Amino acid sequence: MLSFIVLFLSKDVRSTGQFSDSYIVAVLVSLISGIVYAGGLILSRTGERPLLKLAGIVLLFQGLILLFCVVWALNSTTFMLGGTLTKVERWASLLTIPAHVLFALNFAHEKTTAKDPDKAGGESLATAMRVFTFAAVCFGLFFGLRLVTESIVIANGTKQNDNNLKEPDQPFEAHIFSNSRGEKLPYRLLKPLDYDSTQKYPLVVCLHGSSGCGNDNSKQVGSSLTAQLLSEHDNRVNYPAFVFVPQCPTEKSWGGVPNFPAVDALVFEAIDDLERKLSIDKDRRYVTGNSLGGYGVWHFITTRPDMFAAATPISGAGSPTLAKNSIHVPVWAFHGAKDRNVPVKGSRLMIEAMKSAGGTPLYTEYQDAAHDIGEKVKNTPSLLDWLFDQRAIN
């Protein structure tokens, strides 16, 4: 059962939104079966044995926690919940250890009682001590091995990130913006091919998804659909532009995600800094983003609509009450109808609110797709033509 739950609640796996209805049913049936079994240990005649009854209580508690996590995950409106649920699941899964120890103790007790009822008490205590000692050793080895493994993974990941930063053919330059308050924002910047400072170029702000969060100043590019698309050679030739890819710190957001502090103001300051240093056309600022970045796009254009000439929010959501602020911003939004990570209603409500306020946004919804719609968006005909044709209305 735990393997089903671990997979379902995994933040990385949930981000694809690819679970079928039959898989979800299997998870729920497994959970409910486990809860019924635990209840049987408590309420049936088996419950007359204290060790089995206690094991039933432990398993019931575990089952209810996991069921709560799964139901919450299915009804959540933000992918940011995934990491929290995974942590809860991991701690709840540890309850399997004491439950199995209790089963072992009960078995040892029954075996001893059957052989010599007069010695049952003393031998049961000795057996209990041996079992608990064995469980403690296993417990220590398990977490020791896990700690060593995670340390190795972190170390290797750090080395890989350092190597990425030093690659001479890496088209994205690594920078860190610092403001007067000492706040820092790591970002990657892709300059136009054959950059000519006497010409003005568009600026494309690419807001990455949750997998790009951190402070390594590297992985945000791989987590940004538009950054990848615009870094392709043909697109660099056909659509010369500055591609700005900031990195959002862990446990923060671009804005628009409840309970997660926003770094939008810092991003805007970094943009101002770029425009002081580079030849950027202020009438052709574009903002794009997927997943967490999709939330950010909606937040940016509803709080700073004067700043952007066009926007492409992908698999995101926003505040419909603020949509009226962005009716003059050309928008082309994308979402998968079967998205279980960021529900499709997030985009639908924003598009409806913009239209009701007098806006004319474009919206593409993929009926058979879930959260992972990157390739579909990249292959959308005329998307980049549409984006780079937009200019701010002065």
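Keep in mind that what you see is a predicted model, and the values were worked out from it rather than measured.

1. With respect to the overall build of the protein
Of the regular secondary structure elements, the protein holds 15 helices and 8 strands. For the protein, the proportion of contacts with a sequence separation of at least 24, taken over those separated by at least 6, is 69%. Accessible surface for the protein amounts to roughly 19,900 Å². Of this, 59% is attributable to carbon and sulfur atoms.

2. Regarding the confidence of the model for the protein
Per-residue confidence for the protein gives a mean pLDDT of 80, with 73% of residues at or over 70. Contacts from residues 1–19, a stretch scored under 50 in pLDDT, to residues over four places away or in other chains number 60 contacts. Below a pLDDT of 50 lies the segment residues 150–169, which in the model reaches 9 contacts outside its immediate sequence neighbourhood of four places, other chains included.

3. Brief notes about the pairing of strand β2 (residues 184–190)
Among the 7 residues of β2, 6 are classified as buried, and the element is accordingly described as predominantly covered. When strand β1 (residues 173–178) meets β2, the two strands line up antiparallel, connected through 6 bridges. For Glu173, the partnering residue across the bridge sits in β2 and is Leu189. A loop of 5 residues connects β1 with β2, the two strands running antiparallel in sequence, and Gly182 in this loop sits at a positive phi of about 85°. As defined by bridge partners, β2 adjoins strand β4 (residues 242–246) across 4 bridges and the pair is classed as antiparallel. Among the inter-strand pairings, Tyr187 is bridged to a residue of β4, identified as Pro246.

4. A closer look at the pairing of strand β5 (residues 280–290)
Looking down a regular strand, the side chains alternate between one sheet face and the other. The buried count for β5 comes to 9 of 11 residues, which makes it a mostly enclosed element. Sheet topology places strand β3 (residues 201–207) next to β5; 6 bridges connect them, and they run parallel. Residue Leu207 lies in a different strand from β5, and its bridge partner there is Gly289. Inspection of the sheet shows β5 paired to strand β6 (residues 310–314) by 5 bridges, in the parallel sense. Bridging across to β6, Tyr286 finds its partner in Ala310.

5. Examining the side chain of His371
Relative to the helices and strands, His371 resides in the loop between β8 (362–366) and α14 (374–378). For His371, a relative accessible area of 10% translates into the label buried. For His371, the side chain forms a polar contact with the side chain of Asp339, separated by 2.7 Å.

6. Focus on the packing of aromatic side chains
Taken as a whole and judged by the stated rule, the model has 10 aromatic pairs. With a centroid separation of 5.2 Å and 75° between ring planes, the pair formed by Tyr195 and Phe242 is classed as edge-to-face. With Tyr195 in the loop between β2 and β3 and Phe242 in strand β4, this pair connects stretches of sequence that are 47 residues apart. Assessed through its relative accessible area of 0%, Phe242 is described here as buried. Relative to Phe388, the ring of Tyr239 lies with its centre 5.2 Å away and its plane at 25°, an arrangement referred to as stacked.

7. Details of the nonpolar core
Counting residues in each nonpolar core, the largest one holds 44 residues, and the members touching the most others are Phe244 and Val287. Elements that contribute at least two residues to this core include exactly β2, β3, β4, α11 (264–277), β5, α12 (292–303) and α13 (345–356). The residues contacting Phe244, other than those within four sequence positions of it, are Leu185, Tyr187, Arg188, Leu189, Leu203, Val204, Val205, Cys206, Val267, Ala270, Ile271 and Leu274. Core analysis: the next-biggest nonpolar cluster, separate from the first, contains 28 residues, Phe172, Leu225, Tyr286 and Leu384 among them.

Cut-offs applied
Residues numbered from 1 in each chain as written. Predicted model: local features only at pLDDT ≥ 70, side-chain atom pairs only at ≥ 80, totals over all residues. Heavy atoms only, no water. Helix = DSSP H or I, 4+ residues; strand = E, 2+ residues; numbered from the N terminus. Contact = heavy atoms within 4.5 Å. Areas by Shrake-Rupley, 256 points an atom, 1.4 Å probe, with all protein chains shown as cover. pLDDT = per-residue confidence, 0-100. Buried < 20%, exposed > 50% of the residue type's maximum accessible area, 1.4 Å probe, protein only. Pairing = 2+ DSSP bridges. Polar contact = N/O pair within 3.5 Å; in protein donor to acceptor, adjacent residues only side chain to side chain. Phe/Tyr/Trp six-rings, centres within 6.5 Å; stacked < 30°, edge-to-face > 60°. Core = buried A, V, L, I, M, F, W, Y, C linked by side-chain atoms within 4.5 Å.

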